[in-house]
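# Overview (structure and organization)
Each chain, letter by letter, is given below.
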Amino acid sequence: MFYDPRSDEHGLPHSPVTALVTPRPIGWISSVSRAGVVNLSPYSFFNLVSAYPPFVMFSSAPAKDSQRNAEETGEFVVNIATYDLRDEVNASSAEFGAHVSEPAVVGLEMIPCRNVRVPRVARSPIALECRYSKTVGLESGDGKPNPSAIVIGEVVGIHIDEAVLVEGLIDVTSVRPLARLGYMDYCVVDEVFEIRRPGEPAAALSRKAEPVS
Ligand SMILES: Cc1cc2nc3c(=O)[nH]c(=O)nc-3n(C[C@H](O)[C@H](O)[C@H](O)COP(=O)(O)O)c2cc1C
(Lines give C-alpha, C1' and ligand atoms only; values in the text may rest on other atoms or scores of the structure.)
Protein backbone atom coordinates (compact mmCIF):
# COMPACT_ATOMS: atom_id res chain seq x y z
CA MET A 1 0.00 0.00 0.00
CA PHE A 2 1.01 3.64 -0.34
CA TYR A 3 -0.51 6.83 1.02
CA ASP A 4 0.45 10.49 1.26
CA PRO A 5 0.44 11.55 4.95
CA ARG A 6 -0.50 15.11 3.95
CA SER A 7 -4.04 13.82 3.36
CA ASP A 8 -3.89 11.04 6.01
CA GLU A 9 -6.14 8.83 3.85
CA HIS A 10 -4.51 5.50 4.74
CA GLY A 11 -7.77 3.53 4.97
CA LEU A 12 -6.51 1.66 8.05
CA PRO A 13 -8.38 1.54 11.39
CA HIS A 14 -5.51 3.46 13.09
CA SER A 15 -2.84 5.74 11.70
CA PRO A 16 0.30 3.63 11.16
CA VAL A 17 2.72 6.54 11.56
CA THR A 18 4.09 5.81 15.04
CA ALA A 19 4.46 2.13 14.09
CA LEU A 20 6.69 2.96 11.10
CA VAL A 21 9.90 3.86 12.94
CA THR A 22 10.41 1.43 15.79
CA PRO A 23 11.62 0.87 18.40
CA ARG A 24 11.95 4.42 19.67
CA PRO A 25 14.03 4.87 22.84
CA ILE A 26 12.32 6.73 25.65
CA GLY A 27 13.97 9.79 27.17
CA TRP A 28 12.45 10.33 30.58
CA ILE A 29 13.00 14.05 30.88
CA SER A 30 13.40 15.70 34.27
CA SER A 31 13.37 19.47 34.48
CA VAL A 32 12.63 22.23 36.97
CA SER A 33 10.22 25.10 36.41
CA ARG A 34 11.11 28.73 37.10
CA ALA A 35 9.00 28.37 40.26
CA GLY A 36 11.15 25.41 41.35
CA VAL A 37 8.69 22.55 40.65
CA VAL A 38 10.41 19.31 39.57
CA ASN A 39 8.87 17.85 36.41
CA LEU A 40 9.29 14.36 34.92
CA SER A 41 7.74 13.06 31.67
CA PRO A 42 8.54 10.46 28.99
CA TYR A 43 9.37 11.43 25.39
CA SER A 44 9.74 8.75 22.70
CA PHE A 45 10.55 11.27 19.98
CA PHE A 46 13.98 11.24 21.55
CA ASN A 47 17.52 10.27 20.64
CA LEU A 48 21.26 10.82 20.93
CA VAL A 49 22.02 12.91 17.84
CA SER A 50 25.77 13.36 18.20
CA ALA A 51 28.31 11.23 20.07
CA TYR A 52 31.56 13.22 20.24
CA PRO A 53 30.62 15.54 21.86
CA PRO A 54 27.25 14.06 22.88
CA PHE A 55 24.03 15.96 22.11
CA VAL A 56 20.44 14.72 22.56
CA MET A 57 17.03 15.82 21.30
CA PHE A 58 13.40 15.34 22.26
CA SER A 59 10.37 16.58 20.41
CA SER A 60 7.32 18.05 22.08
CA ALA A 61 3.88 18.55 20.55
CA PRO A 62 2.64 21.10 21.44
CA ALA A 63 5.07 22.96 23.73
CA LYS A 64 4.74 21.16 27.08
CA ASP A 65 6.24 21.74 30.54
CA SER A 66 9.51 19.87 29.77
CA GLN A 67 10.18 22.07 26.73
CA ARG A 68 9.20 25.25 28.55
CA ASN A 69 11.35 24.41 31.58
CA ALA A 70 14.37 23.55 29.42
CA GLU A 71 14.01 26.84 27.53
CA GLU A 72 13.42 28.93 30.64
CA THR A 73 16.06 27.44 32.95
CA GLY A 74 18.60 26.25 30.35
CA GLU A 75 18.82 22.71 31.75
CA PHE A 76 17.22 19.27 31.65
CA VAL A 77 18.15 15.67 32.39
CA VAL A 78 17.52 12.54 30.32
CA ASN A 79 16.85 9.53 32.55
CA ILE A 80 16.90 6.28 30.59
CA ALA A 81 13.51 4.55 30.87
CA THR A 82 13.80 0.88 31.80
CA TYR A 83 11.47 -2.11 31.88
CA ASP A 84 11.60 -2.13 35.71
CA LEU A 85 10.34 1.45 35.74
CA ARG A 86 7.64 0.98 33.06
CA ASP A 87 4.69 1.68 35.39
CA GLU A 88 6.29 4.86 36.75
CA VAL A 89 7.23 5.98 33.22
CA ASN A 90 3.63 5.59 32.11
CA ALA A 91 2.17 7.18 35.27
CA SER A 92 4.44 10.22 34.86
CA SER A 93 2.94 10.89 31.42
CA ALA A 94 -0.45 11.87 32.87
CA GLU A 95 -1.39 15.51 32.44
CA PHE A 96 -0.50 17.15 35.75
CA GLY A 97 -0.54 20.93 36.05
CA ALA A 98 2.76 22.82 35.91
CA HIS A 99 2.57 23.31 39.71
CA VAL A 100 2.44 19.52 40.37
CA SER A 101 5.68 17.57 40.79
CA GLU A 102 5.32 14.26 38.91
CA PRO A 103 8.07 12.37 40.81
CA ALA A 104 6.29 13.11 44.10
CA VAL A 105 2.91 11.95 42.75
CA VAL A 106 4.39 8.82 41.17
CA GLY A 107 6.51 8.06 44.26
CA LEU A 108 9.98 8.29 42.74
CA GLU A 109 13.09 9.34 44.61
CA MET A 110 15.03 12.08 42.82
CA ILE A 111 18.70 12.68 43.58
CA PRO A 112 20.97 15.64 42.78
CA CYS A 113 23.01 15.99 39.61
CA ARG A 114 26.50 17.50 39.46
CA ASN A 115 26.61 20.00 36.60
CA VAL A 116 22.92 20.99 36.44
CA ARG A 117 20.43 21.94 39.15
CA VAL A 118 17.82 19.50 37.81
CA PRO A 119 17.62 16.24 39.82
CA ARG A 120 17.64 12.75 38.29
CA VAL A 121 15.64 9.57 38.90
CA ALA A 122 17.55 7.55 41.52
CA ARG A 123 16.44 4.19 40.06
CA SER A 124 17.36 4.94 36.45
CA PRO A 125 20.77 3.31 35.75
CA ILE A 126 21.80 5.94 33.18
CA ALA A 127 21.21 9.70 33.30
CA LEU A 128 22.47 12.45 31.02
CA GLU A 129 22.78 15.96 32.45
CA CYS A 130 21.99 18.44 29.65
CA ARG A 131 22.54 22.10 28.97
CA TYR A 132 19.73 23.41 26.75
CA SER A 133 21.14 24.29 23.34
CA LYS A 134 18.26 25.34 21.07
CA THR A 135 14.71 24.63 19.93
CA VAL A 136 14.09 23.90 16.27
CA GLY A 137 10.56 24.57 15.03
CA LEU A 138 9.12 22.65 12.08
CA GLU A 139 7.09 23.91 9.16
CA SER A 140 5.32 22.03 6.35
CA GLY A 141 6.02 22.77 2.67
CA ASP A 142 2.81 24.84 2.51
CA GLY A 143 4.17 27.09 5.25
CA LYS A 144 1.88 25.71 7.98
CA PRO A 145 3.61 25.61 11.36
CA ASN A 146 3.91 22.11 12.84
CA PRO A 147 2.96 21.93 16.53
CA SER A 148 6.08 19.82 17.20
CA ALA A 149 9.38 21.40 18.13
CA ILE A 150 12.73 19.70 18.60
CA VAL A 151 14.52 20.57 21.84
CA ILE A 152 18.27 20.00 21.66
CA GLY A 153 20.63 19.64 24.60
CA GLU A 154 24.39 19.30 25.05
CA VAL A 155 25.28 16.49 27.44
CA VAL A 156 27.45 17.92 30.22
CA GLY A 157 27.37 15.04 32.69
CA ILE A 158 26.87 11.27 32.42
CA HIS A 159 25.83 8.95 35.27
CA ILE A 160 26.21 5.18 34.84
CA ASP A 161 25.24 2.79 37.63
CA GLU A 162 28.28 0.54 38.05
CA ALA A 163 25.91 -2.40 38.50
CA VAL A 164 25.29 -2.35 34.71
CA LEU A 165 28.99 -2.38 33.80
CA VAL A 166 30.51 -5.73 32.87
CA GLU A 167 34.27 -5.62 32.19
CA GLY A 168 33.96 -1.91 31.54
CA LEU A 169 31.17 -2.21 28.94
CA ILE A 170 27.55 -1.25 29.47
CA ASP A 171 25.58 -4.49 29.65
CA VAL A 172 22.33 -3.51 27.98
CA THR A 173 20.66 -6.71 29.20
CA SER A 174 21.13 -5.37 32.75
CA VAL A 175 19.81 -1.91 31.82
CA ARG A 176 16.80 -3.41 29.99
CA PRO A 177 15.86 -0.17 28.20
CA LEU A 178 12.19 0.31 27.48
CA ALA A 179 11.26 1.42 23.98
CA ARG A 180 8.09 2.58 22.26
CA LEU A 181 6.47 0.81 19.34
CA GLY A 182 3.30 1.93 17.56
CA TYR A 183 -0.20 2.02 19.01
CA MET A 184 -0.09 1.16 22.76
CA ASP A 185 2.86 -1.23 22.37
CA TYR A 186 6.29 -1.23 23.95
CA CYS A 187 9.35 -3.49 23.80
CA VAL A 188 12.39 -4.12 25.96
CA VAL A 189 15.98 -4.76 24.92
CA ASP A 190 17.03 -7.96 26.69
CA GLU A 191 18.96 -9.75 23.96
CA VAL A 192 22.03 -8.58 22.08
CA PHE A 193 24.11 -9.85 19.18
CA GLU A 194 27.28 -8.46 17.68
CA ILE A 195 28.12 -7.77 14.03
CA ARG A 196 31.67 -6.67 13.29
CA ARG A 197 32.29 -4.14 10.56
CA PRO A 198 34.07 -5.41 7.45
CA GLY A 199 37.81 -5.62 8.06
CA GLU A 200 37.51 -5.04 11.79
CA PRO A 201 40.06 -7.01 13.82
CA ALA A 202 38.92 -10.00 15.87
CA ALA A 203 39.27 -8.22 19.22
CA ALA A 204 35.93 -6.94 20.58
CA LEU A 205 36.64 -3.49 19.18
CA SER A 206 33.15 -2.51 18.16
CA ARG A 207 32.10 -1.22 21.56
CA LYS A 208 35.53 0.08 22.60
CA ALA A 209 36.72 2.23 19.72
CA GLU A 210 34.97 5.27 18.41
CA PRO A 211 32.94 4.37 15.34
CA VAL A 212 30.30 7.06 14.89
CA SER A 213 27.43 4.59 15.20
C1 LIG B 1 6.04 6.35 26.43
C2 LIG B 1 5.54 7.74 26.14
C3 LIG B 1 6.21 8.52 25.21
C4 LIG B 1 5.78 9.83 24.93
N5 LIG B 1 6.46 10.56 24.00
C6 LIG B 1 6.09 11.85 23.75
C7 LIG B 1 6.82 12.63 22.80
O8 LIG B 1 7.79 12.19 22.18
N9 LIG B 1 6.41 13.92 22.60
C10 LIG B 1 5.35 14.45 23.27
O11 LIG B 1 5.04 15.63 23.05
N12 LIG B 1 4.65 13.74 24.18
C13 LIG B 1 5.00 12.45 24.44
N14 LIG B 1 4.32 11.70 25.38
C15 LIG B 1 3.26 12.37 26.16
C16 LIG B 1 3.87 13.20 27.30
O17 LIG B 1 4.66 12.37 28.17
C18 LIG B 1 2.73 13.84 28.12
O19 LIG B 1 2.02 14.74 27.30
C20 LIG B 1 3.21 14.54 29.36
O21 LIG B 1 2.10 14.91 30.15
C22 LIG B 1 4.03 15.79 29.06
O23 LIG B 1 4.49 16.26 30.28
P24 LIG B 1 5.13 17.69 30.53
O25 LIG B 1 4.08 18.72 30.17
O26 LIG B 1 5.39 17.62 32.02
O27 LIG B 1 6.38 17.79 29.72
C28 LIG B 1 4.67 10.38 25.63
C29 LIG B 1 3.99 9.58 26.57
C30 LIG B 1 4.41 8.27 26.81
C31 LIG B 1 3.67 7.42 27.82
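Now for a look at the structure at hand. These figures come from a predicted structure and were not determined experimentally.

### Structural notes on the sheet that holds strand β13 (residues 178-180)
Read across the open sheet, the three strands follow the order β1-β13-β14; overall the sheet is antiparallel. With partners counted over all chains shown, the strands left at the sheet margins are β1 (24-25) and β14 (186-188), one partner each. Both β13 and β14 contribute to a ladder of three bridges, which runs antiparallel. If you follow Ala179 over to β14, its bridge partner there is Cys187.

### A short note on the sheet that holds strand β4 (residues 46-51)
Pairing is antiparallel in the open sheet, where seven strands are placed in the order β3-β2-β6-β9-β10-β5-β4. Looking at strand neighbours, the two that pair on one side only are β3 (38-43) and β4, the edges of this open sheet. Between one strand axis and the next, the sheet turns through 35° on average, direction left out of account. Pairing analysis gives twelve bridges linking strand β9 (residues 126-139) to strand β10 (residues 145-160), with the strands arranged antiparallel. The partner of Ala127 across the bridge, within β10, is His159. Taken strand by strand, helix α1 (residues 65-73) contacts β2 (27-32), β3, β5 (54-60), β6 (75-80), β9 and β10, and its axis lies near 50° from that of β2.

### With respect to the site of the ligand
Near the ligand there are 19 residues, and of these Asn39, Ser41, Tyr43, Lys64 and Ser66 occur at the shortest range. Take Pro42: an N or O atom from its main chain is 2.9 Å from an oxygen atom of the ligand. At 3.5 Å from an oxygen atom of the ligand is found a side-chain nitrogen or oxygen belonging to Glu102. Considered on its own, the ligand offers 650 Å² of accessible surface; in the complex 86% of this is hidden by protein. Structurally, the ligand is housed in the second largest pocket. In terms of residue count, β3 provides more of the shell around the ligand than any other element does, four residues in total. Per-class residue counts for the shell around the ligand are seven nonpolar, seven polar and five charged.

### Here's the deal with the layout of surface pockets
As a volume, the second largest pocket reaches approximately 710 Å³. Ser41, Pro42, Tyr43, Lys64 and Ser93 are the residues nearest the centre of the second largest pocket, which is lined by 28 residues in total. When contributions to the lining of the second largest pocket are tallied by element, the ones reaching two or more residues are β3, β5, α1 and α2 (86-91). When residues in the lining of the second largest pocket are grouped by element, the largest group, four residues, is from β3. Classifying every residue of the lining of the second largest pocket gives twelve nonpolar, ten polar and six charged.

### Quick word on unusual backbone geometry
Here the amide bond leading from Tyr52 into Pro53 is cis, since omega sits at 5°, within 30 degrees of zero. Structurally, Pro53 is set in the loop between β4 and β5. A cis amide bond links Ala61 with the next residue in sequence, Pro62, at an omega value of -10°. Mapped onto the secondary structure, Pro62 falls in the loop between β5 and α1.

### A word on the environment of Tyr132
Within the fold, Tyr132 resides in strand β9. When the C-alpha atoms of Tyr132 and Gly153 are compared, they prove to be 4.4 Å apart, with 21 residues separating the residues in sequence. Setting aside chain neighbours within four positions, we find Tyr132 in contact with Ala70, Glu71, Gly74, Glu75, Phe76, Val151, Ile152 and Gly153. Among the polar contacts listed, one links the side chain of Tyr132 to the side chain of Thr135, at a separation of 2.6 Å.

### With respect to the packing of aromatic side chains
If you walk through the whole model with that rule in mind, you get two aromatic pairs. Pairing Tyr43 with Phe58 gives two aromatic rings, centres 4.9 Å apart and planes at 55°, and the pair type is tilted. Here the residue Tyr43 occupies a position in strand β3, and Phe58 occupies one in strand β5, the gap between them amounting to 15 residues. A residue is classified by how much of its surface remains accessible, and Phe58, at 0% relative accessible area, is buried. Ring centres of Phe58 and Phe76 lie 5.3 Å apart, and the angle between their planes is 80°; on these two criteria the pair is classed as edge-to-face.

Calculation notes
Residues numbered from 1 in each chain as written. Predicted model: local features only at pLDDT ≥ 70, side-chain atom pairs only at ≥ 80, totals over all residues. Heavy atoms only, no water. Pairing = 2+ DSSP bridges. Helix = DSSP H or I, 4+ residues; strand = E, 2+ residues; numbered from the N terminus. Axes fitted to C-alpha atoms, helices over the stretch in contact; angles between N-to-C directions. Contact = heavy atoms within 4.5 Å. Near = heavy atom within 4 Å. Polar contact = N/O pair within 3.5 Å; in protein donor to acceptor, adjacent residues only side chain to side chain. Areas by Shrake-Rupley, 256 points an atom, 1.4 Å probe, with all protein chains shown as cover. 1 Å grid on protein atoms, 1.4 Å probe; cavity = no way out; pocket = protein on both sides within 12 Å on 5 of 7 lines; lining within 4 Å. Sits in = over half its atoms within 2 Å of the grid points. Nonpolar A, V, L, I, M, F, W, Y, C, P; charged D, E, K, R; others polar. Points joined across faces, edges and corners; volume = space filled by probe spheres on them. Phe/Tyr/Trp six-rings, centres within 6.5 Å; stacked < 30°, edge-to-face > 60°. Buried < 20%, exposed > 50% of the residue type's maximum accessible area, 1.4 Å probe, protein only.

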